[in-house]
Every structure is written in C-alpha cells, then in structure tokens.
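Chain residues, written in single-letter form:
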Amino acid sequence: MICMRGQGVVKGYAIGRAAVMSAAALEVAHYRIQPEDVAGECERLTTALAHARDDLQNMVRNLPADAPREMAALLTVHSLLLDDPMLAQQACDLIAERHYNAEWALTTQGQVLAEQFAVMDDEYLRERAADIRQVIERVLRVLSGSTALLPQLEAGHDGEPLIVVARDISPADMLRLRGARFAAFLTDLGGATSHTAIVARSMNVPAIVGIGNIRGLVRDGDMLIVDGMTGSVMVNPPDFILQEYIRRQSAYADARAELGLLRDAEAVTLDGMAVKLEANIELPEEAEAAIQAGADGIGLFRSEFLFMGRQSLPTEEEQYQAYASVVKTMKGRPVTIRTLDIGADKTLDGDLAVATNPALGLRAIRYCLANPEIFATQLRALLRAAAHGPLRILIPMISNMEEVRAVKQAVAAAARELDVRKVPHASDVALGAMVEIPAMAIAIEPFVDALDFLSIGTNDLIQYTLAIDRGDSEVAELYDPMHPAVLRLIAHTINAADRGGIPVAVCGEMAGDASMTRMLLGLGLKEFSMHPQQLLDVKKEVRLAHSNALRVKVASALNRAERIDLASLQG
Ligand code: PEP
Ligand code: MG
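If you're wondering where the values come from, they're calculated on a predicted model, not measured in any experiment.

### Quick look at the coordination of the magnesium ion (ligand 2)
For a metal with four donors in a tetrahedral arrangement, the ideal angle between donors is 109.5 degrees, while six donors in an octahedron ideally sit at 90 or 180 degrees.
At step 1: At this site the magnesium ion (ligand 2) is bound by Glu436 (OE) and Asp460 (OD), with donor distances of 2.1 to 2.2 Å. Of this pair, glutamate 436 sits in the loop between strand E13 (430-435) and helix H17 (438-442) while aspartate 460 is found in helix H19 (residues 458-466), placing the two residues 24 residues apart along the sequence.
At step 2: We classify aspartate 460 as buried; its relative accessible area is 2%.

### A word on the side chain of histidine 425
At step 1: Among the structural elements, histidine 425 can be located in the loop between helix H16 (401-421) and E13.
At step 2: Side-chain polar atoms of histidine 425 contact the backbone oxygen of alanine 415, separated by 3.5 Å.
At step 3: At 2.8 Å, the side chain of histidine 425 forms a polar contact with the side chain of aspartate 419.
At step 4: When near neighbours in sequence (up to four residues on either side) are disregarded, histidine 425 contacts Leu383, Arg384, Ala387, Ala415, Leu418 and Asp419.

### As for the side chain of glutamine 534
At step 1: With respect to the helices and strands, the residue glutamine 534 is situated in the loop between strand E16 (527-530) and helix H22 (535-544).
At step 2: Discounting chain neighbours no more than four positions away, the residues touching glutamine 534 are Glu509 and Gly512.

### Some remarks on the pattern of salt bridges
Working definition: two side chains of opposite charge can pair if their charged atoms are close together.
At step 1: Within this structure, the stated rule accounts for 29 salt bridges.
At step 2: A salt bridge links glutamate 103 to arginine 44; its shortest N-O distance comes to 2.8 Å. Separated by 59 residues along the polypeptide, glutamate 103 in helix H5 (residues 102-118) and arginine 44 in helix H2 (residues 38-61) bring together distant segments of the chain.
At step 3: Overall, the relative accessible area of 30% leaves arginine 44 in the partly exposed class.
At step 4: Here glutamate 417 ties to arginine 380 by a salt bridge, and the two come within 3.3 Å at their closest N and O atoms. Taken together, the residues span a long stretch of sequence, with glutamate 417 in helix H16 and arginine 380 in helix H15 (residues 372-385) at a distance of 37 residues.
At step 5: Glutamate 417 sits in the partly exposed class, given a relative accessible area of 34%.

### Digging into the nonpolar core
Soluble globular proteins tend to bury their nonpolar side chains together.
At step 1: Counting residues in hydrophobic clusters, the biggest one holds 109 residues, and the most contacted among them are Leu454, Met519, Leu523 and Phe528.
At step 2: Top element by residues in this core is helix H20 (residues 484-500). It accounts for eight residues.
At step 3: If near-sequence neighbours (up to four positions away) are discounted, phenylalanine 528 is found in contact with Val275, Lys276, Leu277, Glu278, Val506, Ala511, Thr517, Leu520, Leu521 and Val538.
At step 4: Counting 56 residues, the second-largest nonpolar core is a separate cluster that includes Cys42, Leu82, Leu87 and Ala207.

### Quick word on H22
At step 1: When H22 is considered as a whole, its buried residues turn out to be Leu535, Leu536, Val538, Lys539, Glu541 and Val542.
At step 2: Check the buried side of H22 and you find it contacts helix H11 (239-260), strand E9 (276-281), helix H21 (517-522) and E16.

### Structural notes on unusual backbone geometry
At step 1: Located in the positive-phi region is asparagine 236, a residue other than glycine, with phi close to 45°.
At step 2: The residue asparagine 236 is located in the loop between strand E8 (232-235) and H11 in this model.
At step 3: One non-glycine residue with positive phi stands out, namely lysine 422, at about 55°.
At step 4: By the element assignment, lysine 422 lies in the loop between H16 and E13.

### Structural notes on the site of ligand 1
At step 1: Contacts to ligand 1 come from 14 residues, most closely from Arg302, Arg338, Gly457, Asn459 and Arg470.
At step 2: Asparagine 459 is positioned with one of its backbone polar atoms (N or O) 2.7 Å from an oxygen atom of ligand 1.
At step 3: In this structure, arginine 470 approaches ligand 1 through a side-chain N or O atom, which is 2.7 Å from an oxygen atom.
At step 4: Protein burial of ligand 1: of its 290 Å² of free accessible surface, 99% is covered by the chains.
At step 5: Among the secondary structure elements, those contributing two or more residues to the shell around ligand 1 are strand E10 (298-302) and H19.
At step 6: Per element, the largest residue contribution to the shell around ligand 1 is three residues, and it comes from H19.
At step 7: Of the residues belonging to the shell around ligand 1, the class tally is three nonpolar, four polar and seven charged.

Thresholds, definitions, all that
Residues numbered from 1 in each chain as written. Chains lettered and ligands numbered in written order. Predicted model: local features only at pLDDT ≥ 70, side-chain atom pairs only at ≥ 80, totals over all residues. Heavy atoms only, no water. Donors = N, O, S within 2.8 Å, 3.2 Å for Na, K, Ca; no water. Helix = DSSP H or I, 4+ residues; strand = E, 2+ residues; numbered from the N terminus. Buried < 20%, exposed > 50% of the residue type's maximum accessible area, 1.4 Å probe, protein only. Polar contact = N/O pair within 3.5 Å; in protein donor to acceptor, adjacent residues only side chain to side chain. Contact = heavy atoms within 4.5 Å. Salt bridge = Lys/Arg side-chain N within 4 Å of Asp/Glu carboxyl O. Core = buried A, V, L, I, M, F, W, Y, C linked by side-chain atoms within 4.5 Å. Near = heavy atom within 4 Å. Areas by Shrake-Rupley, 256 points an atom, 1.4 Å probe, with all protein chains shown as cover. Nonpolar A, V, L, I, M, F, W, Y, C, P; charged D, E, K, R; others polar.

Structure, rendered in structure tokens:
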C-alpha cells in the first residue's frame, strides 16, 4: 500500500476508485520543426490559443445558475491570460528562433511566466502560477485534438464512487466535473486558497491538495481511501485497513447525522446561559450553509474575498448585490460584514508593492483609510444593503481611537452621498471593530464607549501578542492560543464589553475548535462565530457545559497566569 500526504482542505472520508485526469503538459511530444514550417506552426499555436480562449468565454456566457459565484471571474482571468501577448508572441518567437514545435514553445514560455509568479513572496500571487499552468494545459489539449478529461467519465462507470486524481484542476475543469458526482478530489499542486480548494469547499466534497506526485503514482481504477481530516491518501490498501476506514466513514456519517439533530436545539449551557453561535463566511453563497447549520446569524463575512482573484475592483452595485443577498438569505438574523481586510497574506491583484513587513504594514483599515474611494464605495454598498435587514459593519485591525473617528466620518459621508443620489439606505447601522491588535485589547475602554459591538479576531491577536507569523510553518509550534497572555487579553476584552453593555464575540479559529469551547465559556464568552461546518460540534459542547463552574476554574488559573489544562475543564 502506498500512503501519501497533502493538505486536507475539505473534511470527510471517501473510499472509491481513482479516475486519473489527463495532463497534456506531461504527455506532449517535444520536437524541432523544419524552418519552412515556422509560419504554419505559429499559426497552429495562435489558432489553438484563440480556440481555448473562445471556449472559456463561452463557458462564462453559459454558466449554470448554481455554479460557484467566483467561477465567472476565475474563467475570465484565464481567458485574459490567453490574450496576453507575452504568452503568444514569445512562444511564436521560440518557434521562429529555436524551431520548437508549438507544444514545446508554449510549455517553455508558460514555464517562464509560472516561475516568475512562483518566486513571489505573497502566497496568493504564488498560487497564480497555477493559473498559467492550467491555461497552458487547456491549449495543449486543443493542440492534441482531444479535450476528454477523464476517459471513464465519458464512458460511464459501474456505480462505484470515483475519486478524481489530477496534477491540478482548473476552474473550467471543475465546472465540467461538477456535472458528475465525485467522492473526492486529489491534486499534486495547489494550497488552501487554490481554486480546487475553493470549489471543493463550495461543493462540500473531501479534497486534499498539494500531495506532490499522486498523479504519477496512481492508475485508473486503483482503490483509494481519502482521509480529509489528516490529508492522507491510501492507495490499494489491504482489506483490514479498508474495513477500518469503511467503519470510520460510517461512524463519521453517523456522528454528522447525530449532530444534525442538534440543528434546531437551543445553544444553552446546563446552568441556563444562552449562547449565540454564528457563522463565518467568505462568499455570499456560503450563507446557505450557515442556515443549514442553524446559525444565529453571520458573525464574520470576510468581504475581501469579493475583491481578490480579479483584475478590477468590484463596483458599488456589485458589492451591494452581494451583501444584500446575504442579508436576504439570513432572513432577519444579524449579518456582520467586515470591511476590506486586505494586506499581509491577502492582496489585491495588481497590487505588487510589498511592504517591509506586510503584517505590520498598510493592511485592513489602514489600507482603507489610505484609499478613501475604495472605502467609500464599500461603505455605500453596505449602507444600501442594510436597508434589507439587520446588517452590522465590522472594522478590522483597529489600533487607535483616531481610526474609529475617521471611520465614523467616512460612514456619515457615505450616507450623505446616498442621500444626495436619493438611493435608499439604512440610516443607523451598528458599527463594531475587530479586537486583534494587543494595544486595543489592553486599552479597550474608550472603544467600548464608542462602538456598538466588538469581535475578537484571535488569529491575529495571537500572532501579534506572541510575535509569531501565523503563516510561517517554521514557527507554527509557537503559535499558542492557550498562552496565558492571549487568554488574559480575551478575558479583559470580554469583561470590559460586559461592563459597557455591548456584545462581544470571538470570530477567530478558536471559536470553532470544540476542544476550546469550555475554556471560552469560562472566559465569559457568550457569542461564537465559526465556519458553518464546526457549529454543531460547538453547540454540543455548550449544551454539556456548566458556565458558572467554568468561570471559577478559568478565572483562578488566569489570576496566576497559569496554563489552563483543557482536560481539567471536562465533566
Ligand atoms: C482573526 O484575525 O482572528 C480573524 C478572524 O480575521 P482573519 O483570520 O480574516 O485575519
Ligand atoms: Mg484578522
């Protein structure tokens, strides 16, 4: 049995047969052409480029209504890449100068472009190298005259679940694969923000990316076990392992079904404290998953995902439609939309300036206040969407009161502009801030007085408190949510908000980790916001907890700045 590891980006188990996706880039012939054939070869290449581009544009025009929302933008980016003269012209130069055949010239030029992206510091831009490889793959398929992705898919199969094994899966391929039902997706390339990951998440199908060389090792029809929890894949496992995973898969399904029964149960502790459980979303259509999970509202809509992976900024109208659609889907439940949190690990396309230290640079609210037009456009869209239901505006990375005052002025100016344009909008929208910079948590009182609510972003709060880059695997072991300093900042913020009578939530990853639910209840937390998939696990913990007893235990450990032993909070 071969066992391989990658990054599990969608949880769950799958057991099925491998369906290996063709990878023209690995299969094409490289040869030199005769000098008299240069013009014809170049023509063959440009025709294939145009054909592949037209195909993509057709796909955009005929997108199925239920296609993931970002699909049109992703396909458009790919069709624009095919129009890039750097690609066509320089590949034709290689044909003319070195007499490469079209496939060779195209892969060589693609490699040059992909490498330029691959060495960039920014993870998001690095992953754009994948876009280049994917469009090249598409053109190579056109050049080869075969556009079949999975031979057995076209031929049909005997009902066993199929698991797609690919070098990489482009958005256009994903669109084709969505039509058939697959049990899992496995790719050699890609990371947490790759398109495969994004689309697999929206389809809720287990997926492991960045495996390295699974496509080279697995053959069509091999039996595979996919463990999306640990990111591992087992190829042709012996029977006893297969039986074990059949048992795990069914236990997982039973546990999900049992948790499903909690969907409409109240999130109340044993001693009667009501807890709000809300959802974090990144795209408007994920609001449906929040409803399915029984969320009390949206605690964090990371609006920057509407701005990323595209070449122009979303207009006011486009943003308004996106925000309003979430408000409408949530049918009266509160919807907390965070303003653009760009910078650090999330950048806009075309924004190539790299700060000396991006996590401490012009990110989030600092970026918005430095780009008032971008901020004003978003605020107008938010105020308009707030006319449809209870929308709350959440500001990321606030560190001082001056920023709060500047935001309030910007909100008032946006409302005035809508008044002048006679566009309907809400007049009184709740304004809150993320508590994710230690300075704010330490000196929290004026913020409590000035704002309507707070949301603690523990992902960044931990990073800034412990001086540990949250994206740096070298120091990942030091990233410690249980550090007493972090917990004291959380406790201090919750207590101040309680005294000031404003609601406070935690919306960082800690809130969705059921092993920390009791500890957060012990810190006095009554509002948790997390990925919809985690909500019922947390609800189960809440319903088994005794909040007063937990508060006593946690407070006494924190007073002594002692590490809290999570096991001691059980029972
Ligand atoms: C956080 O920092 O905890 C948070 C929720 O925001 P993000 O992960 O988007 O930075
Ligand atoms: Mg943050």
